[in-house]
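Below are the chains, spelled out letter by letter.
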Protein chains: 2
Amino acid sequence: MMKSNNIPEVALPVCIDKIAPELSLDPEDWESFRACAHVALDDAIEFVKTARQRSVWQPVPERVRNALTGPLPHAGQDLNEVYEEFKNSILPYSTGNTHPRFFGWVHGTGLASGILAEMLAAAMNANCGGRDHGAIYVERAVLGWSKELFGFPDSASGLLVSGTSIANLIALTVARNARATGNMRANGIRDYPRRLVAYASTEVHDCLVKAMELLGLGAASLRKIPSNSRFQIDLRALRDRIADDRALDFEPFCILGTAGTVNTGAFDDLDELAKLCAAEKIWFHVDGAFGGLCALSADLKPRLKGIERADSIAFDFHKWMHVPYDAGCVLIRHADLHRAAFLMRPPYLGELPRGLAGGADWPCDFGPELSRGFRALKVWFAIKHHGTTRFGQLIEQNCAQARYLAEQIAHQPELELLAPVSLNIVCFRYRTSGRDDKALDDLNAELVQDLHESGIAAPSTTNVRGHLAIRVNITNHRSRRADFEVLLSAVLAAGRRRAASST
Amino acid sequence: MMKSNNIPEVALPVCIDKIAPELSLDPEDWESFRACAHVALDDAIEFVKTARQRSVWQPVPERVRNALTGPLPHAGQDLNEVYEEFKNSILPYSTGNTHPRFFGWVHGTGLASGILAEMLAAAMNANCGGRDHGAIYVERAVLGWSKELFGFPDSASGLLVSGTSIANLIALTVARNARATGNMRANGIRDYPRRLVAYASTEVHDCLVKAMELLGLGAASLRKIPSNSRFQIDLRALRDRIADDRALDFEPFCILGTAGTVNTGAFDDLDELAKLCAAEKIWFHVDGAFGGLCALSADLKPRLKGIERADSIAFDFHKWMHVPYDAGCVLIRHADLHRAAFLMRPPYLGELPRGLAGGADWPCDFGPELSRGFRALKVWFAIKHHGTTRFGQLIEQNCAQARYLAEQIAHQPELELLAPVSLNIVCFRYRTSGRDDKALDDLNAELVQDLHESGIAAPSTTNVRGHLAIRVNITNHRSRRADFEVLLSAVLAAGRRRAASST
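This is a predicted model, so every value here is computed, not measured.

Residues and elements named next belong to chain B. For the structure shown, the criterion picks out 18 aromatic pairs over all chains. Between Trp30 and Phe33, the aromatic rings sit 6.0 Å apart at their centres with planes inclined by 85°, giving edge-to-face as the arrangement. One end of the pair is Trp30 and the other is Phe33, both in helix H1 (residues 30-49) and three residues apart, which spans about a single turn. Here Trp30 matches Phe33 in class, with each residue buried. Aromatic pair Phe315 and Phe317: ring centres 5.0 Å apart, planes at 75°, arrangement edge-to-face.

Attention now moves to the interface of chain B and chain A. Contact residues are listed per partner, giving 204 residues for chain B and 205 residues for chain A. For the pair chain B and chain A, the summed buried area comes to about 18600 Å², and 62% of that belongs to carbon and sulfur atoms. Per-residue buried area on chain B facing chain A is highest for B:Leu25, B:Arg190 and B:Tyr348; these three make up 5% of the total on that side. At the surface where chain B touches chain A, the tally comes to 107 residue pairs in polar contact (both at pLDDT 80 or more). Here the side of chain B that touches chain A takes 16 residues from helix H12 (residues 376-410) of chain B, the largest share from any one element. The residue inventory of the side of chain B that touches chain A, partitioned by class, reads 104 nonpolar, 56 polar and 44 charged.

Residues and elements named next belong to chain B. The strand order S1-S11-S12-S10-S9 describes an open sheet built from five strands, whose pairing is mixed. If you trace the sheet from one side to the other, it starts and ends with strand S1 (102-103) and strand S9 (415-417), each paired once. Pairing between strand S11 (residues 458-464) and strand S12 (residues 467-473): five bridges, direction antiparallel. Paired with Ser460 across the strands is Arg471, a residue of S12. Sheet strands touched by H12: S9, strand S10 (425-430) and S12. Its angle to S10, the strand with the most contacts, is close to 20°.

This next bit is on the relation of the copies chain B and chain A. Screw-axis analysis of chain B against chain A gives a translation of 0.0 Å along the axis, an RMSD of 0.0 Å, and a rotation angle of 180°. Classification of the inter-copy transformation places it as that of a two-fold axis. Taken together, the interface assignments show that 100% of the residues at the interface of chain B recur at the interface of chain A, consistent with an identical surface on both copies.

Keep in mind that most residues, glycine aside, have a negative phi and that most peptide bonds are trans. With an omega dihedral of -5°, the bond running from A:Tyr325 to A:Asp326 counts as a cis peptide bond. Along the chain, the position of A:Asp326 falls in the loop between strand S7 (312-316) and strand S8 (328-332). Positive phi, close to 65°, is recorded for A:His322, a residue that is not glycine. Here the phi dihedral of B:Trp105 falls at roughly 50°; this positive angle occurs in a residue that is not glycine. Residue position: B:Trp105 is located in the loop between S1 and helix H4 (112-124). By relative accessible area, B:Trp105 is classed as buried at 5%.

Residues and elements named next belong to chain A. Strand order in the open sheet made by the seven strands is S2-S8-S7-S6-S5-S3-S4, with mixed pairing throughout. With one partner strand each, in any of the chains shown, strand S2 (157-161) and strand S4 (222-225) form the two edges of the open sheet. Each strand of the sheet is rotated relative to its neighbour by a mean of 20°, with strand direction disregarded. With five bridges connecting them, S2 and S8 associate as antiparallel partners. Bridge assignment links Leu160 to a residue of S8, and that residue is Cys329.

With that settled, consider the layout of surface pockets. All names here are of chain A. When its volume is computed, the largest pocket comes out at roughly 480 Å³. Along the wall of the largest pocket there are 26 residues; nearest its centre are Arg140, Ala141, Leu143, Gly144 and Lys147. Those elements giving two or more residues to the lining of the largest pocket turn out to be helix H5 (134-150), S2 and helix H11 (335-342). Per-element accounting of the lining of the largest pocket gives the leading share, nine residues, to H5.

Now for the pattern of salt bridges. For the structure shown, the criterion picks out 80 salt bridges over all chains. B:Arg34 is the salt-bridge partner of A:Asp42, the closest N and O atoms lying 2.8 Å from each other. Taken together, the positions of A:Asp42 in helix H1 (residues 30-49) and B:Arg34 in helix H1 put the pair across two chains. Across the salt bridge formed by B:Asp43 and B:Lys87, the nearest N and O atoms sit 3.3 Å from each other. Of this pair, B:Asp43 sits in helix H1 while B:Lys87 sits in helix H3 (residues 79-89), placing them 44 residues apart in sequence. Classification of B:Asp43 as buried rests on a relative accessible area of 16%. Through salt bridges with shared partners, one network takes in A:Arg239, A:Asp271, A:Glu272, A:Lys275, A:Lys305, A:Glu308 and A:Arg309.

Quick look at the nonpolar core now. Nonpolar side chains tend to gather and get buried jointly when the protein is soluble and globular. Membership of the largest hydrophobic core comes to 296 residues, with the highest contact counts inside it found for A:Phe317, A:Phe374, A:Trp380, A:Phe381, B:Phe374, B:Trp380 and B:Phe381. In this structure A:Phe374 touches A:Ala121, A:Met124, A:Ala126, A:Cys128, A:Ala135, A:Val138 and B:Ile90, once residues within four positions along its chain are discounted. Of all hydrophobic cores here, the second largest spans 76 residues; its members include A:Phe253, A:Ile332, B:Ala211 and B:Trp283.

A few words on the confidence of the model for chain A. All names here are of chain A. Overall, the predicted model of chain A reaches an average pLDDT of 94, with 95% of residues at or above 70. Below pLDDT 50 for its whole length, residues 1-20 participates in 42 contacts with residues either more than four positions away or in separate chains. Confidence metrics for the complex model read pTM 0.96 and ipTM 0.95.

Okay, helix H9 (residues 235-247) of chain A next. Residues and elements named next belong to chain A. Under the 1.5 Å per step criterion, the end-to-end length of H9 is 18 Å for 13 residues, consistent within 8% with the ideal 18 Å. Along H9, the residues classified as buried are Leu235, Leu238, Ile242 and Asp245. Angular distribution of buried residues about the axis of H9 spans 85°; they occupy a single face of the element. Of the exposed residues in H9, those oriented more than 90 degrees away from the buried face are Arg236 and Ala247. Residues of H9 that are buried sit in contact with strand S3 (196-201), S4, strand S5 (251-258) and helix H10 (270-280). One side-chain oxygen at the N-terminal end of H9 lies 3.0 Å from the backbone nitrogen of Arg236; it belongs to Asp234.

Attention now goes to the side chain of A:Arg375. Mapped onto the elements, A:Arg375 comes out in the loop between H11 and helix H12 (376-410). For A:Arg375, the contacting residues outside a window of four places in its chain are A:Leu160, A:Val161, A:Ser162, A:Asp326, A:Ala327, A:Glu369, B:Asp326 and B:Arg375.

Looking now at the state of the cysteines. One pass over the structure, following the stated rule, counts zero disulfides over all chains. The structure places no disulfide on B:Cys207, whose sulfur is separated from the nearest cysteine sulfur, that of A:Cys364, by 11 Å.

As a further point, take helix H4 (residues 112-124) of chain A. Of all 13 residues in H4(A), 13 are buried, a share of seventy percent or more. Of the residues trailing H4(A), A:Asn125 is marked for its positive phi of about 55°.

Turning our attention to the packing of H1(A) against H1(B). Running from amino to carboxyl end, H1(A) crosses H1(B) at an angle of 145°, the nearest separation of the two axes being 10 Å. Where H1(A) crosses over H1(B), the two elements pack in a sense that is right-handed. Residues A:Trp30, A:Phe33, A:Arg34, A:Ala37, A:His38, A:Leu41, A:Asp42, A:Ile45, A:Glu46, A:Val48 and A:Lys49 of H1(A) pack against B:Trp30, B:Phe33, B:Arg34, B:Ala37, B:His38, B:Leu41, B:Asp42, B:Ile45, B:Glu46, B:Val48 and B:Lys49 of H1(B). Residues belonging to the contact of H1(A) with H1(B) are distributed by class as follows: twelve nonpolar, two polar and eight charged.

This paragraph deals with the pairing of strand S4 (residues 222-225) of chain B. Residues and elements named next belong to chain B. Taken together, the four bridges between strand S3 (residues 196-201) and S4 define a ladder with parallel strand orientation. Of the residues in S4, the one forming a bridge with Ala200 is Lys224. Handedness of the crossover joining S3 and S4 through helix H8 (residues 206-214) is recorded here as right-handed.

Attention now moves to the pairing of strand S10 (residues 425-430) of chain A. All names here are of chain A. Burial analysis of S10 places six of its six residues in the buried class, which makes it a mostly covered element. What you see with S10 is no split at all: Ile425, Cys427 and Arg429 on one side and Val426, Phe428 and Tyr430 on the other are buried throughout. Relative to S10, strand S9 (residues 415-417) is paired through three bridges, and the arrangement is antiparallel. Bridge assignment links Glu416 to a residue of S10, and that residue is Arg429. As paired elements, S10 and strand S12 (residues 467-473) share four bridges and run antiparallel to each other. Counterpart to Phe428 in the pairing with S12 is Ile470.

Definitions and limits used
- In this convention, every chain numbers its residues from 1, walking through the sequence in written order.
- Lettering for chains starts from A, numbering for ligands starts from 1, and both go in the order in which the items are written.
- The model is predicted, so local features are restricted to residues of pLDDT at least 70 and side-chain atom pairs to those at 80 or more, both for listing and for counting; the totals for chains, interfaces and linings are taken over all residues.
- Remark: hydrogens and water are excluded; side-chain values derive from all non-hydrogen atoms of the structure.
- Pairing of aromatic rings covers Phe, Tyr and the six-membered ring of Trp, with a centre-to-centre limit of 6.5 Å; geometry is then stacked below 30 degrees between planes, edge-to-face above 60, and tilted otherwise.
- Helix numbers and strand numbers start at the N terminus; a helix is a DSSP run of H or I with at least 4 residues, a strand a run of E with at least 2.
- Under the scheme applied here, a residue whose accessible area is under 20% of the maximum for its type counts as buried, over 50% as exposed, and between as partly exposed, the area being computed with a 1.4 Å probe on protein chains only.
- By the convention used here, residues are in contact when the closest approach between their heavy atoms is within 4.5 Å.
- Buried area adds together the accessible area that both of two parts lose upon being put together, with accessible area traced by a 1.4 Å probe.
- N or O atoms within 3.5 Å of each other form a polar contact, as long as, within protein, one can give a hydrogen and the other can take it, and as long as residues adjacent in sequence are counted only when both atoms are side-chain atoms.
- When residues are sorted by character, Ala, Val, Leu, Ile, Met, Phe, Trp, Tyr, Cys and Pro go into the nonpolar class, Asp, Glu, Lys and Arg into the charged class, and all the rest, Gly among them, into the polar class.
- DSSP-based pairing: two strands are paired if at least 2 bridges between them are found.
- Helix axes use the C-alpha atoms of the stretch in contact, all axes being lines fitted to C-alpha atoms, and the angles between their N-to-C directions lie in the range 0 to 180 degrees.
- For the least-squares superposition of copies, only C-alpha atoms count, and only for residues with pLDDT at least 70 in both.
- Any residue with an atom within 4 Å of a point lines the site, the site being either a cavity, points on a 1 Å grid over the protein atoms alone where a 1.4 Å probe fits but cannot get out, or a pocket, an open set with protein on both sides within 12 Å along at least 5 of 7 lines.
- Grid points are joined across faces, edges and corners, and a volume is the space filled by probe spheres set on the points.
- Just to be clear on terms, a salt bridge is a Lys or Arg side-chain nitrogen sitting within 4 Å of an Asp or Glu carboxyl oxygen.
- We define a nonpolar core as any set of buried Ala, Val, Leu, Ile, Met, Phe, Trp, Tyr and Cys residues linked to one another through side-chain atoms lying within 4.5 Å.
- Looking at any residue, its pLDDT shows the predictor's confidence there, from 0 to 100.
- A helix is expected to span 1.5 Å multiplied by its residue count minus one.
- The directions considered for the arc run from the helix axis to the C-beta atoms.
- When two cysteine sulfur atoms lie within 2.5 Å, the pair is treated as a disulfide.
- With the far helix as reference, a near helix turned anticlockwise by less than a right angle produces a left-handed crossing, and one turned clockwise produces a right-handed crossing.
- Call a crossover right-handed when, viewed with both strands pointing away from you, the route from the first strand across the helix to the second goes clockwise.

Here's what the structure looks like:
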């Protein structure tokens, strides 16, 4: 026991370690627990190591779905049995994003080191809402690195969150409240004299629309500005809309720039947006969910020019840094405004000068969560172990793979690129003569489902300028060039089969 | 590879597994990775097993804090080195809530089985925002069990979240939007004809105030109703306030009942609140952050009478079920209203009838998060392995320990109970003659800091009816009766020392 400087040695009851234990949830037999855990660890490692040998995806069988609908178990069950059920009924039916031919949505691949970090975090069981303990300093370290990455000042604040959806929500809350600190929190937005409006391109991620709804501002108060041929926000249209809104006595409070749109990977002109926001005195937020991490690559970093002048940035570690789900981050340039939007210390959270209840700036002062797991640890492990240079190389590799895939598509008359490839996302479709757009949409949607069910590859779908697209997102550190050849072979085979069967 | 029913066998390039690998983030040497991971696992298990042998808490040394402020690392580092740094600089400085004499705030103790669950979840790396894969069915299983526990219908909906703060936020969002579905999302609350107001006792948890602020309703729109001598909401005062508000053309939309207040563990009369809400046509939400799980104990369940008629319930698995941080849950009786508050499916999230993009009701349809880790797995492991009966016994044991502690306090003239012990929380203070309340407040605050620094025990502080209290919260499956004797000895020793030194 640590020596106390403050209170005299307390005589422990001599019996304390001999007393008959009351109930606990600890293993009765630690050695048997240890054996089970080591078996599970080997299986976990094998699962990651052999990702390529499996199907990308397979459906959850009826048998498993039924087994998972049993009633609430009153009696406990041996851990080995529970583990066996997991191994047989859950582990085989993963999302698929550990596989080198998973190209759906924007998923990270995961990291072997994440297995360590998560088991260690579970053992520590830190609650990172606040107080003064090691995990809090690890989170600060990760936030410090993030500020450095984006050229934010040391004085900026931030928070690790589940992902960019929550990061965006927090940033928008600060931007909203910054308009009327104090009053806004007490009285809500109803008393605010003008309607607050925000701006983004039509390519904006819908989580920002959801954030506007949640904050009570309403989806319609997010003005969707047309995008140009490169899927960037049209700056002239944006300026016009701001002027129109001001003329109508609306109050522009935030411009949302995107670094890496979800449909095509486009970057808004952040430099111009930063200038515009400064001139108009509007909060400048950047949604860099996956594209933000292009700051890790010297080649790609110029696309982010202007982000260093943003008022806030949201991005994910679980996408292009492959940290296990979930881990995102929000940075706010103005710590005072950030704190003013969220700080609330009721008596039972009173900060004390010394001891566990000490430590300045608890994370709960900067967001809506009071209980928070130790997600900083897996990010810390990932950055320390791999280093930023390697992450940057992998990001560049994924972009090179996207260009390679686009070239292959360009050489195939049955395939059609639907958007320029500006980063790591390739939108294309299978086409065949004598079909209208609706029929092609249907064919391509079926084709993607065929691919999933085949287990060969998993792209997703989206809509690009009115066309249903096969969307190949490459945030995958396991993909090799040959995997894209496999993908295209499978697309062509499925497309031909679909075309033959339905004409 | 899984046999495909839908597309012909695709000829893979023969070279695929022989091709020179491009870069990846996988270990170059899997055996060395495996060795490191097994060492880490043994250390993790040892950490949990030997919790009692350590100090409850110790400050993070200067040396460690400095080491954690280094610049963003460009080069990677051997995993063993990173792990060593973790072991020496982070692991020893935990929050302390794995220790049998941690009694601060409302923290869970953690579970050894959580180590397995979290390492396995990290290996699977599931994104539980949506799609059709095993993790989604595990979450549904956990939600199904939760509905059963609280007597909610199968048709209810729910979501696992980081904790009750977010669960409360989601429930309040649904309650707010249910007033004007569609319009509220599009137009915000500004156009709503009346000011929406909610009700809770003065003992309400502040995360609900934060939720009111976030939603744009404003903290002042949460009416704080006085509590009675048992710290329950005063029903007459509540009825009067509702009537007053209606008379002033405010619109009561939600009553927030608490099952287990954070200061004293009081339960509002949920049965009466349910009746009142039905009569007044007001949404009835129950914040059962830790007290909700009293449903696991036959003895304690009667206190929750009425919760089965709530419109929504929020509670945590990481508190009295000890699942590693973080894991909470929201249940909503009306799945249609829940979906109407959050469903948003842009084209790139299009649901398809078959394949990975299939599966009805994605979790992202029910909350603000699109990327979501697989936190259902640790809950599933905990419930399967321990069973509800055991959890109920442990909850009863903690309540018995609280009564035991209160008895000991009652017999000590230097100690004073500050609130009746109705559950698992004991609020008391050290007192000494000739001091006014302010001096006693200061003395007790110093005393708690002394205890933290001693490493012997970690209660927290709060304010009860104007007095600073030493607050002992018992949600700890490792505590034994003797631990409370140690606590009191330490409190008395520290109190006497403080009293002697400053008079």
